[in-house]
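# Topology and contacts: notes
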Amino acid sequence: MFNKVTAFLQQALETREPSINLLDSFVNHWKAITNYYIETTDESRPVKQTDIPWCLRQMLDILVYEEKQQGEETGPCMEYLLQHKLLETLCTLGKAQYPPGMSQQVMMFFSKVLSQIQKPVLHLINVYRPVQKLINLCGLPDSKTETEESQFLFAVCTRVRKDPYVLNYILEITKDSQKRCSSTSDEALEEGCSGASSPERAPSPPSPSSSAASSCSARSGAHPSSSPQTATGIIPVLMHLGKSQKSRVALRSMESLLLLVSLPQEDTGHLLAEGTPLCHLLAQRLTELYCLIPSSLSPADIHSYSGAQWRDHFTQDSPEESQSFPGSENLQGFFCFLDYCNELTKEAPRVLGVKMARAIHLQWLKGVIQPHLLQMSEAGILVHTALLSCSVRHIHSPALLEELVQFLLGSDTHCEKQQDTQTHILRYRLIEHCNHISDEISITTLRLFEELLQKPSKSILTNLVLRNLEKRSYRLPGSGVMDERHGVESDVLEESEELEEDPFFTDMYEDSGFGSQEPLLSLPSARERHNPRAHTQVADIVNSFLCLVPQEAKTSHLVQMYSNYQLCLKECIALSRDWNWPDSVKTTETHPATDFYEGHFLQILFDRIARILEQPYELNLQVTSVLSRLAVFPHPHLHEYLLDPYISLSPGARSLFSTLVRVIGELMQRIQHIHNVTDKLMMIRRQLMGLEEETLLDHVTLLKGVIVLEEFCKELAAIAFVKLPIEEQ
């Protein structure tokens, strides 16, 4: 059949017959379709057993051929299609599903017209009106035409991508509908966060059964069972088809939505943000998927999940074997959709990206996660903190990250006060969870903060640490002298006189024979000739950390981590390059002594370090990991406070080094009562390295704490070594 029509068209061209022959053929094919409805008596006969599919194909071929021959002008066949409203009629026939299967044929015809006709046609009333009607026939319950629907909608979105000005015609937006949609969306967002707005309210723990999902959805304002019949318009239809069990249908629908959202014009972004329920539906879907994750999931499984791109969810039959565990499919479904939200908010115009991120903040973060984090159930806190930590790791959209930081930490930039516990209740609770009675909760929450410290956001460091170090009130007023090279204050180093003022350090120094030890670090003489003071400062600071642990408590003299921290430093420098941090410390103004408060976050970390000899090995590793991450950042105040052993502290203030000195003092007292402590420490180290099987030993927690302490001091020495030369050059 197709070859006959092609031969006919070629013959018409060769004999240069008038174009009326094409029009006659086009009209004849159309009449053949309409005559079927007049003459047929068998209403159950499927459309594929009729000539209708063939006639539609011939009509399409004629339209495409005509366009190539006519050039810029509209051909008579296209004019006939428009004037006689053929698309409108086809849409009506498809809606009637007569003969059976007619809707598939209509959608295929529409799809091919939109994709194969090159001239803009969607702005024509006799095209966009039937297209609008056909869109509203998609996404119905128990639809048998999902494949054709997804192809048709993809063709529409591809056409809009090519001609963005036609978006208005496809969305069917009027001023009244835009106002109504915006009002409905705002109400939904308010409903989403109403259950979590009061910090004093303690929500009941979620049920581990299937009712958890409905309870979760109720908090967020999400309605997973809402009827798709009430959702009209291309955005709700695409969101509905994105949930299809057919992976190709879901993937094509999500790609179609991405085509619309990524239109670069700001006015189209504003149109989608204010005139459609896109933001609400996106946040609602993310919330639904989060609520499907079993509350019995293991935090270890959550932390081990490496993530996947959203397209992979539709191309893989099942999760990789290494990531397969009970509930892994639900976990993968959520994080793949989170990755999709990342891409949407990154590719969208700013006005749309910000509103999508805000909707996710209100419905998912504030509406669902916050109540779980503020609950009393330790099991609930644990699993949702682990999920949040994994979410932080996978969020890379600037708009989403900004909302995430606002949700977790707030926007305060003034110095903290110890009595500020209600300024941002979630921030306060999360930091308190780092010091929770449950070691698992403490470890998981510390992991959350470590993930935060790896995100490219200046607000995170400012909120957690830097705002409290801005005035340098941790220093004793008048303790510094002016550095002639940089014009800033620096302390005078004279044979470690400030360290000797600390009684713990003095006793430890004398008892362990440090006075007779050779320096552990000697920098190249070329640097010393170039800048002797820089050499003295680097060597003294590095050796101060390396010499902290007494000789009998040391199990390894190897320091092989400098290259690791060079890479880490480069990473942190890259993160903070655009944050406008000062190159050197600010000059301390003359002011009366004030009580210094390091802030809630550092207070908890220092408290944890002070108990390093009493805490589980895994917890100690996580605490030191967070502190090492902080110490690497190239902010001069943070560097001075965490890595300079020689600063004179104001009354009542403590630094990381002074905290470690007191830990060493406690260690010296406790190891005196342990027989063969060095041998036992060596045995524990070999066990931790997997070189020996674990055996029962007394004081295991203490001995493991000593090993972590030793490694932490070497880490700080390595960080100081890789940072100071850069700053002193």
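Structure first, text after, so check above.
These lines cover the structure that appears in this document, whether it is placed above or below. (Residues numbered from 1 in each chain as written. Predicted model: local features only at pLDDT ≥ 70, side-chain atom pairs only at ≥ 80, totals over all residues. Heavy atoms only, no water.)

The next thing to look at is the overall build of the protein. Within the protein, the regular secondary structure consists of 35 helices and two strands. Classification of the 729 residues of the protein by burial places 55% in the buried group. In the protein, once contacts between residues fewer than 6 apart in sequence are set aside, the share between residues at least 24 apart is 79%. (Helix = DSSP H or I, 4+ residues; strand = E, 2+ residues; numbered from the N terminus. Buried < 20%, exposed > 50% of the residue type's maximum accessible area, 1.4 Å probe, protein only. Contact = heavy atoms within 4.5 Å.)

Mapped onto the elements, Asp583 comes out in the loop between α29 (562–576) and α30 (600–610). Residue class for Asp583 comes out exposed when judged on its relative accessible area of 79%. C-alpha separation for the pair Asp583 and His635, spaced 52 residues apart in sequence, amounts to 7.5 Å.

With that settled, consider the pattern of salt bridges. Scanning the model with the defined rule gives 23 salt bridges in all. In this structure, Arg467 engages Glu416 in a salt bridge whose closest nitrogen and oxygen atoms are separated by 3.8 Å. Residue Arg467 is found in helix α24 (residues 458–469), and its partner Glu416 is found in the loop between α21 (398–409) and α22 (425–433); the two are separated by 51 residues along the sequence. Grouping residues by exposure puts Arg467 and Glu416 together as buried. Within this structure, Arg252, Glu255, Arg311 and Glu343 form a network of salt bridges that share partners. (Salt bridge = Lys/Arg side-chain N within 4 Å of Asp/Glu carboxyl O.)

Of note, the amide linkage connecting Tyr98 to Pro99 takes the cis form, showing an omega dihedral of -5°. Here Pro99 shows up in the loop between α5 (86–96) and α6 (102–116). Here the phi dihedral of Gln97 falls at roughly 55°; this positive angle occurs in a residue that is not glycine. Within the secondary structure layout, Gln97 lies in the loop between α5 and α6. Within the chain, Asn676 stands out as a residue other than glycine whose phi angle is a positive 55°. Within the secondary structure, Asn676 sits in the loop between α33 (656–671) and α34 (677–688).

Turning next to the nonpolar core. By size, the foremost hydrophobic cluster in this structure holds 209 residues, and its most contacted members are Phe152, Ile234, Leu408, Leu627 and Leu630. If you tally residues by element for this core, the top one is helix α35 (residues 700–728), at 14 residues. Excluding residues within four positions of it along the chain, Leu408 makes contact with Leu388, Val392, His424, Leu426, Arg427, Leu430 and Leu452. (Core = buried A, V, L, I, M, F, W, Y, C linked by side-chain atoms within 4.5 Å.)

Now for the packing of helix α15 (residues 278–291) against helix α18 (residues 328–347). Across the interface, α15 lies against α18 with an axial gap of 8 Å and an inter-helix angle of 160°. When the axis of α15 is compared with that of α18, the two are roughly antiparallel. Where α15 crosses over α18, the handedness of that crossing is left-handed. Contacts between α15 and α18 involve Leu282, Arg285, Leu286, Leu289 and Tyr290 from the first element and Gly333, Phe334, Phe337, Leu338, Tyr340, Cys341 and Leu344 from the second. Looking at the contact of α15 with α18 residue by residue, the class counts come to 10 nonpolar, one polar and one charged. (Axes fitted to C-alpha atoms, helices over the stretch in contact; angles between N-to-C directions. Parallel < 35°, antiparallel > 145°, perpendicular 65-115°, else oblique. Left-handed = near helix turned anticlockwise from the far one by under 90°. Nonpolar A, V, L, I, M, F, W, Y, C, P; charged D, E, K, R; others polar.)

Here we come to the side chain of Arg608. Its place among the elements puts Arg608 in helix α30. One buried charged residue, Arg608, forms no salt bridge at all, with the nearest opposite charge on Asp439 at 4.7 Å. Apart from the residues lying within four places of it in its own chain, the contact partners of Arg608 are Cys434, Asn435, His436, Ser442, Gln615, Leu619 and Val623. (Lys, Arg positive; Asp, Glu negative; His and termini not counted.)

Moving on, we get to the packing of aromatic side chains. With the rule as written, the count across this model stands at 20 aromatic pairs. Between the aromatic rings of Tyr290 and Phe334, the centroid separation amounts to 5.3 Å while the plane-to-plane angle is 70°, which identifies the pairing as edge-to-face. You can see Tyr290 sitting in helix α15 and its partner Phe334 sitting in helix α18, a full 44 residues away along the chain. Of the two residues, Tyr290 and Phe334, both sit in the buried class. The interplanar angle of 50° and the centroid separation of 5.6 Å between the aromatic rings of Phe337 and Tyr340 together place this pair among those described as tilted. Residue Phe337 and its partner Tyr340 are located together in helix α18, separated by three residues, close to a single helical turn. We note that Phe337, like Tyr340, is buried. (Phe/Tyr/Trp six-rings, centres within 6.5 Å; stacked < 30°, edge-to-face > 60°.)

As for its placement among the helices and strands, Lys133 is situated in helix α7 (residues 125–135). Its relative accessible area of 44% is what places Lys133 among the partly exposed residues. Along the chain, Lys133 and Thr232 lie 99 residues apart, while their C-alpha atoms are 9.8 Å from each other.

This next bit is on the environment of Met78. With respect to the secondary-structure elements, Met78 resides in helix α4 (residues 76–83). Looking at Met78, the relative accessible area reads 11%, which means it is buried. Residues Met78 and Leu63 lie 15 residues apart in sequence; the distance between their C-alpha atoms is 6.5 Å. Setting aside chain neighbours within four positions, we find Met78 in contact with Leu63, Glu66 and Ile117.

What follows concerns helix α19 (residues 350–373). Counting along an α-helix, one turn takes 3.6 residues, and residues three or four places apart therefore face a common direction. Helix length check: α19, at 24 residues, gives a terminal C-alpha distance of 30 Å against a target of 34 Å (1.5 Å per residue), a shortfall beyond 12%. Taking the largest bend as the criterion, α19 deviates by roughly 35°, centred on Leu365. The buried fraction of α19 is high, at 19 of 24 residues. (Expected span 1.5 Å × (residues − 1). Bend = angle between axes of the 7 residues up to and from the residue.)

It is at 9 Å that the axes of α24 and helix α32 (residues 636–643) come closest, and there the two elements cross at 75°. Looking at the two axes, α24 sits roughly perpendicular to α32. Between α24 and α32, the contacting residues are Leu461, Val465, Leu466 and Leu469 on the first element and His637, Leu638 and Tyr641 on the second. In the contact of α24 with α32, the residues fall into six nonpolar, one polar and no charged.

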